[in-house]
Amino acid sequence: MFQADVQYMKAALVEAQKAFLIDEVPIGAVVVHNGDIIGRGHNLREHLNDGVAHAEIMAIEEACGALNSWRLVDCDLYVTIEPCLMCSGAIINSRIDNVCFGARDPKAGAVKSLYTVLEDSRLNHRVNVIEGLLSDQCSQIMKAFFRAARQKRKNISGNSK
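All of the points below concern the structure found in this document. In this numbering scheme, every chain counts its residues from 1 along its sequence in written order. The predicted origin of the model limits local features to residues at a pLDDT of at least 70 and limits the giving and counting of side-chain atom pairs to 80 or more, whereas totals for whole chains, interfaces and linings rest on all residues. Side-chain measures were taken over the full set of non-hydrogen atoms in the model, leaving aside hydrogen atoms and water.

## A short note on the layout of surface pockets
Selection rule: Detection works on a 1 Å grid of protein atoms alone, calling trapped sets that fit a 1.4 Å probe cavities and calling open sets with protein on both sides within 12 Å along at least five of seven lines pockets, with lining residues defined by an atom within 4 Å of a point. Grid points are joined across faces, edges and corners, and a volume is the space filled by probe spheres set on the points. Secondary structure counts use DSSP, requiring at least four H or I residues in a row for a helix and at least two E residues in a row for a strand, with both numbered from the N terminus. Each residue gets one of three labels, nonpolar for Ala, Val, Leu, Ile, Met, Phe, Trp, Tyr, Cys and Pro, charged for Asp, Glu, Lys and Arg, and polar for the others, Gly among them.
Computed from the structure, the largest pocket encloses a volume of approximately 440 Å³. For the lining of the largest pocket, the leading source of residues is helix α5 (residues 135-159), giving four residues. Taken together, the residues of the lining of the largest pocket break down into 10 nonpolar, three polar and seven charged.

Next up, the structure:
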């Protein structure tokens, strides 16, 4: 791993923190082209009432706007948590070259955990995958979020008695 990779993942963690602060599942993503971040995103499903408003999708949409193209050739995606099946499809369809993710998602991960979609030779585009960059920080923010959510539910149910 290069120092630049660490910096890009830290930028994705900043996006995850933004989601955390607004009670969204704290996943963040950035798209990098020629060393510059051209797309940033964090989960906004609850705020937008949009089932596809995942961090990766938001970052990809912004990057497409920056390049004025749906093809994100020579672009890399850094995301705090392993992409799901939907986001993996968007990554393939937008022709991203490399994906670097922090922590696996054993319940929905479609890159290494449940499927290996990005590296499937039957598809028209394959993506290089790097996993585990800043994995502790990436998993910790998720754990903190769900711990807080459980406590919040516990407090609500305790107050209704």
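Text resumes after the structure shown.
## Some points on the pairing of strand β1 (residues 28-33)
Let me state the cut-off plainly: A simple rule labels every residue: compare its accessible area, found with a 1.4 Å probe on the protein chains alone, to the largest value its type can have, and call it buried under 20%, exposed over 50%, or partly exposed in between. Criterion used throughout: strands pair if DSSP finds at least two bridges between them.
In terms of burial, β1 is a largely internal element, six of the six residues being buried. Neither face of β1 is left uncovered, since the one carrying G28, V30 and V32 and the one carrying A29, V31 and H33 both have all their residues buried. Pairing of β1 with strand β2 (residues 36-42), which is carried by six bridges, proceeds in the antiparallel orientation. Its bridge partner being in β2, H33 is matched across the sheet by D36. Bridging between β1 and strand β3 (residues 75-81) involves five bridges; their strand directions are antiparallel. Each bridged residue has a counterpart across the sheet, and for V30 the counterpart in β3 is Y78.

## Things to note about a nonpolar patch on the surface
Selection criterion: Residues enter a patch when their relative accessible area is above 30% and they make no salt bridge; the linking distance is 9 Å between like charges and 5 Å between nonpolar side chains (Val, Leu, Ile, Met, Phe, Trp, Tyr). Only the protein chains shown count as covering a residue, and every accessible area follows the Shrake-Rupley method with a 1.4 Å probe. Salt bridge criterion: a side-chain nitrogen from Lys or Arg within 4 Å of a carboxyl oxygen from Asp or Glu.
Together, L85, L114 and Y115 line one region of the surface with nonpolar side chains, adding up to about 300 Å² of accessible area. With respect to the helices and strands, L114 occurs in the loop between β4 (98-103) and β5 (128-131).

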